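Summary of structural features
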Amino acid sequence: MKSNNSHSTEEDLKQETSPTNSPLTTLDSRFNQTLRSVQGNFLGNLWIMMLLDESKVRNFLRLLKGRSFPGKVLITRRSDPPDGTVLGSPGVNRSPSEIDRSPSKHMDDPDEDKIHRNKPNTSTTVNKLKPSMSNPEDKSKEAPRFVMGARATDTARLMKFTKVLGGTTVILDKLRELAWSGVPPYLRPNVWRLLLGYAPPNSDRREGVLRRKRIEYFDCVAQYYDISDIERTDEEINMLRQIAVDCPRTVPDVTFFQQAEVQKSLERILYTWAIRHPASGYVQGINDLATPFLVVFLSEHLEGSVDNWSVADLDPEKISNVEADCYWCLSKLLDGMQDHYTFAQPGIQRLVFKLKELVRRIDEPVAKHMDEHGLEFLQFAFRWFNCLLIREIPFHLVTRLWDTYLAEGDALPDFLVYIFASFLLTWSDKLLKLDFQEMVMFLQHLPTNNWSHQELEMVLSRAFMWHTMFDSCPNHLAT
């Protein structure tokens, strides 16, 4: 029985990775090696998992079946059950990650949707999965085809979102399950407010609560920000100056954030938050964490590319509401990771240590190579945890990544370890060829400029699988 199962698994893997000289061939090869190296025998892992939780084994086998990882399912014809049932994700039975896509095009053109979802050409599918090395201008033209994925436009999936959000009281566990795999852009502002606990689940109370919280924010701005320096302490003056310096440096590649009014809003948000959280105050990197909220909440009022947005097109009341929503959502996010930004940032240091141990268990050759060359994880991973990868990936992918972040809720800090391990080991073969200085330079300037949603989905898929394996068997991480 054991040999047959092993043989079947190997045949499936060979069929998936058959194209030669493909970037994915190396990735899959490394991935398969990882599966074999994680605590040895594959079936042994399943037996351990079975002893702990039989349902996790079923989920794990469904994930591995035919090497149909979530990032690939989206570009091939799906064989999901008619009721839209999907595999549960870590912690709260959420789905493996998928790409989010605006429903408008498929909804308006059902014929094109039918053609897209039924393409049988295998070579076309493989080509879509290859990391693009084309001209950035060509990439931007193709972006609308890949910005969002099939399942976000799937009628059953949209109906589930509509059903969950349309009730008198939103069941947050169900919303998290759906959101983990990506949220359609036009639903994202409301979903994020709910996931963070800023907007109440009860629809009857929602409008009143938001109105009250927005008024409360601007009362705080009037009390702490709209005052002269004479009324501030020296520490507060220095903090405000540092924020004013950091705001123009925030996401410099996106011209939208260079607008004076946007930077002023960001400055008010950060300073008000810092004054109200004296245990940490302002820490560089928090400015990056506010940017996804600004973009998402402004998307309710502005259309088209972010680069073409102008806040001058909005009336002051809408801008004020967006700013207030950003402040409260940033506060909710940071409430779950307070020790990441207190003195010496002990929360981040603890997670960096866990990341090192996880990488050592998953890919010992890489961990050993980095150790032999004296490269400490703190030298590159500290920024990852501090800014939640915003500086490491193209900004147009950030909101999709944050769908999963916010769906994780209180479990996010621990799940970040798995995401960052998956992110790092994307370049495991490359790292083995570099010395200390080359590794430092490479990890500080990772080649993600041409990443599409496919690469991000693969990172999340691996993180999901490793979390499923290790979270059930914590002794795997023991020394």
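Reading the values: the criteria
- Residues numbered from 1 in each chain as written.
- Predicted model: local features only at pLDDT ≥ 70, side-chain atom pairs only at ≥ 80, totals over all residues.
- Heavy atoms only, no water.
- Helix = DSSP H or I, 4+ residues; strand = E, 2+ residues; numbered from the N terminus.
- Contact = heavy atoms within 4.5 Å.
- Areas by Shrake-Rupley, 256 points an atom, 1.4 Å probe, with all protein chains shown as cover.
- pLDDT = per-residue confidence, 0-100.
- Polar contact = N/O pair within 3.5 Å; in protein donor to acceptor, adjacent residues only side chain to side chain.
- Phe/Tyr/Trp six-rings, centres within 6.5 Å; stacked < 30°, edge-to-face > 60°.
- Buried < 20%, exposed > 50% of the residue type's maximum accessible area, 1.4 Å probe, protein only.
- Lys NZ or Arg CZ within 6 Å of the ring centre and 35° of its normal.
- Salt bridge = Lys/Arg side-chain N within 4 Å of Asp/Glu carboxyl O.
- Expected span 1.5 Å × (residues − 1).
- Axes fitted to C-alpha atoms, helices over the stretch in contact; angles between N-to-C directions.
- Parallel < 35°, antiparallel > 145°, perpendicular 65-115°, else oblique.
- Left-handed = near helix turned anticlockwise from the far one by under 90°.
- Nonpolar A, V, L, I, M, F, W, Y, C, P; charged D, E, K, R; others polar.

This next bit is on the overall build of the chain. Helices and strands together make up the secondary structure of the chain, namely 26 helices and zero strands. Contacts in the chain between residues far apart in sequence, at least 24 positions, make up 76% of those at least 6 positions apart. Accessible surface computed for the chain: about 22,700 Å², of which carbon and sulfur atoms make up 52%.

Before going further, it helps to examine the confidence of the model for the chain. Confidence in the prediction of the chain, expressed as mean pLDDT, is 77, and 67% of residues score 70 or more. Low pLDDT (under 50) marks residues 1–27, which in the prediction has 25 contacts with non-local residues, meaning those over four places away or in another chain. Every residue in residues 59–152 scores below 50 in pLDDT, and together they form 189 contacts with partners more than four places removed in sequence or on other chains.

What follows concerns the side chain of Glu-323. Note that Glu-323 resides in helix 18 (residues 316–335). Separated by 2.8 Å, the side chains of Glu-323 and Arg-268 make a polar contact. Residue contacts for Glu-323: discarding those within four places in its chain leaves Tyr-217, Phe-218, Ser-265, Arg-268 and Ile-269.

Let's shift gears to the packing of aromatic side chains. On inspection of all chains with the given rule, the structure shows 24 aromatic pairs. Ring centres 5.1 Å apart and planes at 80° place the aromatic pair Trp-384 and Phe-423 in the edge-to-face group. Placement of the pair is Trp-384 in helix 21 (residues 378–387) and Phe-423 in helix 23 (residues 412–424), with a sequence separation of 39 residues. Among the residues examined, Phe-423 registers a relative accessible area of 1% and is labelled buried. Aromatic side chains Phe-385 and Phe-420 sit 4.6 Å apart centroid to centroid with 70° between the ring planes, which places their arrangement in the edge-to-face category. Note that Phe-385 is positioned in helix 21 and Phe-420 in helix 23, a separation of 35 residues in sequence. Under the relative-accessibility criterion, Phe-385 is labelled buried at 0%. Phe-420 sits in the buried class, given a relative accessible area of 0%. An aromatic cluster is built from Phe-377, Phe-380, Trp-384, Phe-385, Phe-420, Phe-423, Trp-427, Phe-442 and Trp-451, whose rings are joined through pairwise contacts. Sitting over the ring of Trp-328, Lys-213 keeps its end group 3.7 Å from the ring centre.

Turning our eyes to something else, we now look at the side chain of Glu-357. Tracing the chain through its elements places Glu-357 in helix 19 (residues 346–362). Of note is the side chain of Glu-357, whose polar atom sits 2.6 Å from the side chain of Arg-360.

In this structure the tally under the stated criterion is 18 salt bridges. The closest approach of N and O atoms between Asp-403 and Arg-188, which form a salt bridge, is 2.8 Å. Here Arg-188 lies in helix 13 (residues 188–195) and Asp-403 lies in helix 22 (residues 398–408), a separation of 215 residues in the sequence. The same class applies to Asp-403 and to Arg-188, which are both buried.

Here the focus is helix 21. Along an α-helix, a turn takes 3.6 residues, which lines up residues three or four apart on a common side. Listing the buried residues of helix 21 in full gives Phe-380, Ala-381, Trp-384, Phe-385, Asn-386 and Cys-387. In the stretch just after helix 21, Leu-388 is the one whose phi turns positive, near 55°.

It is worth spelling out unusual backbone geometry at this point. Look at Leu-388: it is not a glycine, yet its phi comes out positive at around 55°. Note that Leu-388 resides in the loop between helix 21 and helix 22. Taking relative accessible area as the criterion, Leu-388 reaches 0% and is therefore assigned buried. The backbone phi angle of Leu-389 is positive, close to 70°, even though this residue is not glycine. You can see Leu-389 is positioned in the loop between helix 21 and helix 22.

Between its first and last C-alpha, helix 19 extends 25 Å over 17 residues, near the 24 Å set by a 1.5 Å rise per residue. If you check which residues of helix 19 are buried, you get Gly-347, Ile-348, Leu-351, Val-352, Leu-355, Glu-357, Leu-358, Val-359 and Ile-362.

At a closest axis distance of 10 Å, the pairing of helix 22 and helix 26 (residues 453–472) adopts a crossing angle of 20°. What the angle tells us is that helix 22 and helix 26 run roughly parallel. The element helix 22 and its partner helix 26 pack so that their crossing is right-handed. Listed contacts from helix 26 to Arg-400, Leu-401 and Thr-404 of helix 22 are His-453, Leu-456, Glu-457 and Leu-460. Taken together, the residues that form the contact of helix 22 with helix 26 break down as three nonpolar, two polar and two charged.

In this fold, Tyr-198 is placed in the loop between helix 13 and helix 14 (203–225). Assessed through its relative accessible area of 4%, Tyr-198 is described here as buried. Taking the C-alpha atoms as reference, Tyr-198 lies 7.9 Å from Leu-210; in sequence the two are twelve residues apart. Once you skip the residues sitting within four places of it in the chain, Tyr-198 turns out to touch Arg-193, Val-209, Leu-210, Lys-213, Arg-214, Ala-324, Asp-325, Trp-328, Cys-329 and Lys-332. Within polar-contact distance, the side chain of Tyr-198 engages the side chain of Asp-325 at 2.6 Å.

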